[in-house]
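Results of the structural survey
In case you want the letters, here they are:
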Amino acid sequence: MANLSLKKQLLKGWVGSLFVKASFALLSFLISVVLARALGADGFGIYSFVIAVIMLLSIPAVVGVPELIVRETAKNQVDEKWSVIKGLWTWTQTRSIVFSLILVFFSSLITLFWGVGDESLRINLLLVGLFIIPFSAIIAYKSACVRGLGHTVLGQLPDNIIRPGLILISILLFSFVSRPFTPETAIFVYLFAAMVAAISAYILLNKVSPKELSNVVKEKDDSLLWSKAILPLSLIGGLHVLNGYVDIVILAFFQPDEEVGIYRAVVQLSILVSFGLQAINQVLHPHFSRLFTMDEHHKLQKLVTISTRIILLISLPPVLLFVFYGKGILQFVFGDPFYIGELALAVLAIGQLINSAMGSVGALLNMTGHERYTL
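Since this is a predicted model, take the numbers as computed values, not measurements. (Residues numbered from 1 in each chain as written. Predicted model: local features only at pLDDT ≥ 70, side-chain atom pairs only at ≥ 80, totals over all residues. Heavy atoms only, no water.)

Re the nonpolar core
- In terms of nonpolar packing, the biggest core is built from 62 residues, with Leu-35, Tyr-47 and Phe-334 touching the most fellow members.
- The leading source of residues in this core is helix H1 (residues 2-57), at 19 residues.
- In this structure Tyr-47 touches Leu-35, Leu-39, Ala-186, Ile-187 and Tyr-190, once residues within four positions along its chain are discounted.
- Counting 33 residues, the second largest nonpolar core, distinct from the first, contains Leu-88, Val-146, Leu-205 and Phe-288. (Core = buried A, V, L, I, M, F, W, Y, C linked by side-chain atoms within 4.5 Å. Buried < 20%, exposed > 50% of the residue type's maximum accessible area, 1.4 Å probe, protein only. Helix = DSSP H or I, 4+ residues; strand = E, 2+ residues; numbered from the N terminus. Contact = heavy atoms within 4.5 Å.)

As structure tokens, then:
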């Protein structure tokens, strides 16, 4: 009965998570298409640069914390150590808020000192976009708490459905009322969507939190242990974010905004290859932690094998399309200027396929206390 219950829970989580991740991939794709056509290659390049810088600056406040929260919440929930969970949540929340405010303050000073002359548009957009960081930290913290309690699909809604959904709706509304859509408008839309997503994450956590957490007093604080664990997790997450955005920033310093926009469109398409890996990872995190804690290694191995095969099957179709029909897809979706990204799309798609074919190896190491090997 226990095995049947786990299978049902996993299947339900997989279906829900795949739906959420597929929706996120679709929404992100549509946002890129609409923005590329509304802003042109130049405007889309400026917008992409600003968002990339914001993502890189938010690393100390956002990365590492979600993985630690999910792992420790799932582990301590098994042993009903509610006081430890409450202490963990308090510690991580304080850390996220403090780091995000420090980042906004110092980044604003540096940006004001750095920005002059022809780069004024980028600088103005950065100053507005920096306020996205605290809301991103809240979304990451609250959503991780929800996922750690076993509500995998609900924990993904704020960042994967609500935020991109609001961005897309807002862009379409601006287009409907025939107002010019500029990079400035796009950044304000992103900030508004992040605010709403943060509020929704707060509401969801209050809804799913067990009664035991509201009644228990925080008696135990393992902040020293958590600090040691969060360092490699943060480095892992930080390197992941760097891999996702540093190429945009570097390209922006050496090439025109138009080429940055074309490259960003290509990257967005290639990410679709790995959406199966990302979706299933979200479901596997708490189950990896629980099965490892209960010494159910046979079940854990079986889960890893099956999930890897599913991820590979999901990843194959988009790779074939991008490799053989990349030029036509780029031209049809984003417009004529974007077709020159054909070769880059094929290279990135194949790279994503290899990454997906390895399975959830990083998630497995992180959720079993071996994050230093992931790093």
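Let us keep going from here.
A short note on the environment of Ser-58
- Inspection of the secondary structure puts Ser-58 in the loop between H1 and helix H2 (59-62).
- Here Ser-58 falls in the buried class, since its relative accessible area comes to 6%.
- Contacts of Ser-58, omitting those with residues within four sequence positions, involve Val-63, Leu-103 and Ile-133.
- Polar contacts involving the side chain of Ser-58 include one to the main-chain carbonyl oxygen of Met-55, which spans 2.8 Å. (Polar contact = N/O pair within 3.5 Å; in protein donor to acceptor, adjacent residues only side chain to side chain.)

Digging into the side chain of Ser-48
- Residue placement: Ser-48 occurs in helix H1.
- If we ignore the near neighbours within four places in the chain, the residues touching Ser-48 are Ile-248 and Arg-264.

Side note on the pattern of salt bridges
- Applying the stated criterion across every chain, the model contains 5 salt bridges.
- Close ionic contact of Arg-71 with Glu-72 constitutes a salt bridge, the shortest N to O distance being 3.2 Å. Across the pair, Glu-72 and Arg-71 agree in class, each one buried.
- Where Asp-159 meets Arg-163, a salt bridge forms, and the shortest distance between an N and an O atom there is 2.8 Å. With Asp-159 and Arg-163 both in helix H7 (residues 152-176), this residue pair falls 4 residues apart, about one helical turn. (Salt bridge = Lys/Arg side-chain N within 4 Å of Asp/Glu carboxyl O.)

Some words on helix H3 (residues 65-78)
- A rise of 1.5 Å per residue sets the reference length of H3, with its 14 residues, at 20 Å; its end C-alpha atoms lie 20 Å apart and thus fit the reference within 8%.
- Counting buried residues along H3, 11 of its 14 residues qualify, which places the element largely inside the surrounding structure.
- Those residues of H3 that sit buried are Val-65, Pro-66, Leu-68, Ile-69, Val-70, Arg-71, Glu-72, Thr-73, Ala-74, Asn-76 and Gln-77.
- Remark: Glu-80 follows H3 within two positions and exhibits a positive phi of approximately 55°. (Expected span 1.5 Å × (residues − 1).)

A short note on the environment of Leu-112
- In this fold, Leu-112 is placed in helix H4 (residues 82-114).
- Residue Leu-112 is classed as exposed on the basis of its relative accessible area of 53%.
- For Leu-112 and Val-146, which are 34 residues apart along the polypeptide, the C-alpha to C-alpha distance reads 37 Å.

Looking at the packing of aromatic side chains
- Applying the stated rule across the entire model yields 5 aromatic pairs.
- When the centroid spacing of 6.2 Å and the interplanar angle of 75° are considered together, the rings of Phe-29 and Phe-334 count as edge-to-face. In this pair, Phe-29 sits in helix H1 while Phe-334 sits in helix H13 (residues 297-334), placing the two residues 305 residues apart along the sequence. Like Phe-29, the residue Phe-334 is buried in the burial classification.
- Here Phe-49 and Phe-253 contribute two aromatic rings whose centre-to-centre distance is 6.1 Å and whose plane-to-plane angle is 85°, an arrangement assigned as edge-to-face. (Phe/Tyr/Trp six-rings, centres within 6.5 Å; stacked < 30°, edge-to-face > 60°.)

A few points about the packing of helix H11 (residues 257-271) against H13
- The geometry of H11 relative to H13 is characterised by a closest axis approach of 12 Å and an angle of 125° between their N-to-C directions. By the angle class used here, H11 and H13 are oblique. For H11 against H13, the interelement crossing comes out right-handed. Contacts from Ala-265, Val-266, Leu-269 and Ser-270 of H11 reach H13 at Phe-322, Ile-329, Leu-330 and Phe-334.
- A breakdown of the residues in the contact of H11 with H13 according to their chemical character gives 7 nonpolar, 1 polar and no charged. (Axes fitted to C-alpha atoms, helices over the stretch in contact; angles between N-to-C directions. Parallel < 35°, antiparallel > 145°, perpendicular 65-115°, else oblique. Left-handed = near helix turned anticlockwise from the far one by under 90°. Nonpolar A, V, L, I, M, F, W, Y, C, P; charged D, E, K, R; others polar.)

As for the packing of helix H10 (residues 223-254) against H11
- Between H10 and H11, whose axes approach to 9 Å, the crossing angle comes to 165°. If you check the angle between H10 and H11, you find them roughly antiparallel. Two packed elements cross with a definite hand, and for H10 against H11 that hand is right-handed. Across the interface between the two elements, Gly-244, Tyr-245, Asp-247, Ile-248, Leu-251 and Ala-252 of H10 pack against Glu-259, Val-260, Tyr-263, Arg-264 and Val-267 of H11.
- The residue inventory of the contact of H10 with H11, partitioned by class, reads 7 nonpolar, 1 polar and 3 charged.

Some remarks on unusual backbone geometry
- Residues other than glycine seldom take positive phi values, yet Asp-295 does so here, at roughly 60°.
- In this fold, Asp-295 is placed in the loop between helix H12 (275-293) and H13.

A few points about the confidence of the model for the chain
- Across the chain, pLDDT averages 85, with 92% of residues at or above 70.
- Highest mean pLDDT in the chain belongs to helix H8 (residues 183-208) (94); lowest belongs to helix H9 (residues 211-215) (76). (pLDDT = per-residue confidence, 0-100.)

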